[in-house]
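# Close look at the chain arrangement
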Amino acid sequence: MDTAKLILSMDGLVLKEIQLSKERMTIGRKPHNDIQIDNLAISGEHAVVVTILNDSFLEDLGSTNGTFVNGQSVKKHFLQNGDTIELGKYRLKYINETAQQTPAADFEKTMIMRPGMMAKAAEHGGAKGAGDTQVGMKPAVQPNAHPQTAPMNTAAAAAAAATVVPGAQPAPAALPLGSIQVLTGANTGKELELTKTLTTLGKPGVQVAVIARRPQGYFITHVEGANFPIVDGKTLGAEAHKLADNDVIELAGVKMQFFIKS
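Right, let's walk through the structure included here.

Another aspect to go through is the overall build of the chain. For the chain, the count of helices and strands is 3 helices and 21 strands. Within the chain, the fraction of its 262 residues that count as buried is 50%. Taking contacts inside the chain between residues at least 6 apart in sequence as the whole, the part at least 24 apart equals 47%. For the chain, the computed accessible surface area is about 12200 Å², with 50% contributed by carbon and sulfur atoms.

And the structure:
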């Protein structure tokens, strides 16, 4: 299967093609970015593209001159095949012919669930319209709150949205059911079954990771925050890490244990 890619151009001249081979790729002027564009119109860290399974999400990182898609200013955007990202005079055309594309509105209306809803979600397999649950956040929204009241200002929220997009792949049925149990903090003892293809953990603006349920097992990937998740005392890198039964995860000041349910 071909991976999604970005075609970088300026004034109609194609400069290069970039494969979205990593789950998180930053765009900016500084050399440490995955996609460096050395131009003063581009902020040091301008935007980020998060790719989960077949879906990619773009988020502006508070850039000075803004990020535009198809002529419209965006803060966060579910990328569709053929979309053109505009950064100053530069263009990045998104090519992904394998994903089933859906309206961006489905992404914008994603609801991030709060810990107070977690037990109910685990019991009923998730609230209607919500594809994932966040653990470790302070209760801030009542269960009947409108989805737009949930904070959607982070790349993590973009990654979380992948499960509610109709084009997202269903969770593999043959994989044993995994679960997360919170060991510390206000939600100690709470359990969350990993029935969804993607489950977001952490606190937006602080530290967030996503657990992907794949045919090969459960993988945790860092999405947002200066510090990377810790698994069994070892700090992870930027790449996806396969979880083993009874692994202890430290994320956003909360310890939780991953285990396979018998």
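As a further point, take the environment of Ala226. Following the sequence through the fold, Ala226 ends up in the loop between strand S16 (217-224) and strand S17 (230-231). On the basis of relative accessible area, Ala226 is assigned to the exposed category, the value being 75%. Through-space distance from the C-alpha of Ala226 to that of Val208 is 9.9 Å; in sequence the pair is 18 residues apart.

Moving on: the pattern of salt bridges. For the structure on display, the rule yields 5 salt bridges. Among the ionic pairs, Glu23 bridges to Arg214, the shortest N-O distance being 2.3 Å. Of this pair, Glu23 sits in the loop between strand S2 (13-19) and strand S3 (24-28) while Arg214 sits in strand S15 (residues 207-214), and the two are 191 residues apart along the sequence. When sorted by exposure, Glu23 lands in the same class as Arg214, which is buried. What emerges from the salt-bridge pattern is a single network uniting Glu191, Glu193 and Lys261.

This part is about the nonpolar core. With 21 residues, the main nonpolar core has Leu6, Leu58, Ile85 and Leu92 as its most contacted residues. Of all elements in the fold, only strand S1 (5-10), S3, strand S5 (47-52), strand S10 (84-87) and strand S11 (90-95) reach the threshold of two or more residues within this core. Element by element, the count of residues in this core is highest for S11, at 3 residues. Apart from residues lying up to four places away in sequence, Leu58 is in contact with Ala47, Val48, Val49, Thr67, Val69, Val74, Lys75, Lys76, His77, Leu79 and Ile85. Listed in part, the 17 residues of the second largest apolar core include Leu201, Ala209, Ile211 and Ile249.

Here we take up unusual backbone geometry. One non-glycine residue, Asp11, adopts positive backbone phi at about 55 degrees. Within the secondary structure layout, Asp11 lies in the loop between S1 and S2. Among the residues examined, Asp11 registers a relative accessible area of 70% and is labelled exposed. The phi dihedral of Asn246 falls on the positive side, at around 75 degrees, and the residue is not glycine. Mapped onto the elements, Asn246 comes out in the loop between strand S19 (241-242) and strand S20 (248-251). Classification of Asn246 by relative accessible area gives partly exposed; the value is 45%.

Conventions used here
- Residues numbered from 1 in each chain as written.
- Predicted model: local features only at pLDDT ≥ 70, side-chain atom pairs only at ≥ 80, totals over all residues.
- Heavy atoms only, no water.
- Helix = DSSP H or I, 4+ residues; strand = E, 2+ residues; numbered from the N terminus.
- Buried < 20%, exposed > 50% of the residue type's maximum accessible area, 1.4 Å probe, protein only.
- Contact = heavy atoms within 4.5 Å.
- Areas by Shrake-Rupley, 256 points an atom, 1.4 Å probe, with all protein chains shown as cover.
- Salt bridge = Lys/Arg side-chain N within 4 Å of Asp/Glu carboxyl O.
- Core = buried A, V, L, I, M, F, W, Y, C linked by side-chain atoms within 4.5 Å.

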